[in-house]
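# Topology and contacts: notes
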Amino acid sequence: MKKILVTGGCGYIGSHTLLDLVENGYEVISVDNNARSGTRLLEGVEKIANQKIKNYKVDLCDFDDTHAIFAENDDIAGVIHFAAYKAVGESVEKPLLYYHNNLTSLVNLLRCIEEYKVPYFVFSSSCTVYGNPDSIPVTEETPQKPAESPYGSTKQMGETIIREFARVNPTQCILLRYFNPAGAHPSAIIGEWPIDKPQNLVPVITQSAIGKIPPFTVFGNDYPTRDGSCIRDFIHVCDLAHAHTLAMKYLMEQRNPSGCEIFNLGTGNGISVLEAIAAFEQVNQRKLDYRIGERRPGDVIAIYANKDKAERELQWKPRYSLEDIMLTAWKWEQEIQQETRTFPLKNFKFN
Ligand code: WQD
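Along each chain, the written sequence defines residue order, and numbers are assigned to residues from 1. At least 70 in pLDDT is required for a residue's local features to be given in this predicted model, at least 80 for side-chain atom pairs to be given and counted, and no such filter applies to totals for whole chains, interfaces and linings, which use all residues. Calculated side-chain values reflect all of the structure's heavy atoms, with hydrogen atoms and water omitted.

On to the pairing of strand S1 (residues 3-7), then. Throughout this description, buried means an accessible area under 20% of the type-specific maximum (1.4 Å probe, protein chains only), exposed means over 50%, and partly exposed covers the range between. Numbering of helices and strands starts at the N terminus; helices are DSSP runs of H or I of at least 4 residues and strands are runs of E of at least 2. Counting buried positions along S1 yields 5 of 5 residues, so the element is predominantly enclosed. Burial along S1 is two-sided: Lys3, Leu5 and Thr7 facing one way and Ile4 and Val6 facing the other are all buried. When S1 meets strand S2 (residues 27-31), the two strands line up parallel, connected through 5 bridges. Note on S2: the bridge partner recorded for Thr7 is Val31. Two strands qualify as a pair provided that DSSP identifies no fewer than 2 bridges between them. Bridge count for S1 against strand S4 (residues 76-81) is 5 bridges, and the pairing is parallel. The partner of Ile4 across the bridge, within S4, is Gly78.

Right, here's the structure in full:
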């Protein structure tokens, strides 16, 4: 079996991807310092997959510790890199934390991949690299506008670093640009596990609906859109996870003409915030309590994907609908209602 190293394997998308890789015949190992995740999701993956999965509790910002993983696993066929901080709002308040964490970890990882001649590398990028696009849906060729946050800048810079790395290394790379990941595994054994107060719309909806947080705010209904609220492209986390397995397969089939191909991972359906709320209420037969408030700084007005390239090249076809997202997210929220969450204190220090 081909061994894949998944960084951030204890996180939301990382855990779902570990499971999809295992279900598709890959051997997996994870590296995750658990700074933003506990072991809860990894335990859930082990339960569904009925096998133990090794996690190296290592901070990728520490080169020696990262290098030791590759020294111990010189048979790594591919790396999928999720580990990064991704809270847009926090990145605006603490830019250095984001540039240090997201870029130092990436460079350390690429140094090891270069030294050990790891043949395949898949990078977790984001639709934030498009900024506020002039035209939608966006294709992979849509020109990038200035990022709206330091988080988005780290993704733009990360893509540049990888393109330059790919130019001088035989490692075949792929950049996957996610739109808005949401939902949970249908088993409700794994899902989104926000470390703190949730930032993203769908966990805000489900935590508000279950009473974990107060009624939420819709950040603006005066945008130039069909109902005044922002437009997004919500993609189910299981569809997103499977795209990573297909990307690794694409690389192992020696495709990837440019050495660093880019793929949008979205459904191609633009959904407004108010439409997403209505979908939750409808499929879960549950009225939500929220108010309309001021716009949130940094929000993009409208963005959704042209997914043709991923469909054509990766044979990727999203299977889950917006209704499935809202059903599985709510089922997961109810499932974890009784569980407590313990996480290390957020006393970050530059190492
Ligand atoms: C979506 C819409 C909010 C919360 C970010 C990252 C992106 C990806 C997903 C990593 C916006 C509105 C939200 C609330 C609201 N991250 N909203 N009330 O900002 O589109 O994307 O997260 O992969 O890279 O940029 O996601 O869910 O925060 O917001 O009205 O309480 O929901 O204003 O219009 P976003 P989001």
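Next comes the rest of the write-up.
With that settled, the discussion passes to unusual backbone geometry. Most peptide bonds take the trans form, and the phi angle of most residues other than glycine is negative. Residue Pro137 follows Ile136 across a cis peptide bond; omega there is 0°. Tracing the chain through its elements places Pro137 in the loop between strand S5 (120-126) and helix H6 (150-168). Even without being a glycine, Asn50 presents a positive backbone phi close to 55°. Of note, Asn50 is situated in the loop between helix H2 (40-49) and strand S3 (55-56). One non-glycine residue with positive phi stands out, namely Ala188, at about 65°. Within the element layout of this structure, Ala188 appears in the loop between strand S7 (180-182) and helix H7 (201-210). Take Ala188: its relative accessible area is 1%, and that puts it in the buried class.

We call a residue near a molecule or strand whenever a single non-hydrogen atom of that residue lies within 4 Å of it. Every one of the 18 residues lining the ligand counts as a neighbour, but Ser126, Leu201, Thr217, Arg232 and Asp299 are closest to it. In the model, an oxygen atom of the ligand is placed 3.4 Å from a nitrogen or oxygen of the Tyr151 side chain. Each polar contact in these results corresponds to two N or O atoms within 3.5 Å; when the atoms are within protein, one needs to be able to donate a hydrogen and the other to accept it, and residues that are neighboring in sequence are counted only if both atoms are side-chain atoms. Between an oxygen atom of the ligand and a main-chain N or O atom of Leu201, the distance comes to 2.7 Å. Each accessible area is a Shrake-Rupley result for a 1.4 Å probe, and residues are judged covered by the shown protein chains and nothing else. Look at the ligand: alone it shows 690 Å² of surface, and the protein chains cover 93% of it. Of all the elements in the fold, those that place two or more residues in the shell around the ligand are H7 and strand S8 (216-219). Looking at which element gives the most residues to the shell around the ligand, the answer is S8, with 3 residues. Across the shell around the ligand, the residue classes tally to 8 nonpolar, 6 polar and 4 charged. Any residue that is not Ala, Val, Leu, Ile, Met, Phe, Trp, Tyr, Cys, Pro, Asp, Glu, Lys or Arg is counted as polar, Gly included; the first ten are nonpolar and the last four charged.

Let us now look at helix H9 (residues 273-284). The terminal C-alpha atoms of H9 lie 17 Å apart, and with 12 residues this matches the ideal 16 Å at 1.5 Å per residue to within 8%. Among the residues making up H9, those that are buried are Val273, Ala276, Ile277, Ala279, Phe280, Glu281 and Asn284. In what follows, a contact means two residues having at least one pair of non-hydrogen atoms within 4.5 Å. Check the buried side of H9 and you find it contacts H7, S8, strand S10 (234-236), strand S12 (271-272), strand S13 (290-293) and helix H11 (322-335). Positive phi appears at Gln285, one or two residues downstream of H9, with a value of about 50°. To estimate how far a helix should reach, multiply one less than its number of residues by 1.5 Å.

Tracing the backbone shows Ser105 in helix H5 (residues 95-115). With a relative accessible area of 3%, Ser105 lands in the buried category. In terms of polar contacts, Ser105 uses its side chain to reach the backbone carbonyl oxygen of Asn102, at 3.2 Å. Apart from the residues lying within four places of it in its own chain, the contact partners of Ser105 are Leu60, Cys61, His81, Ala83 and His100.

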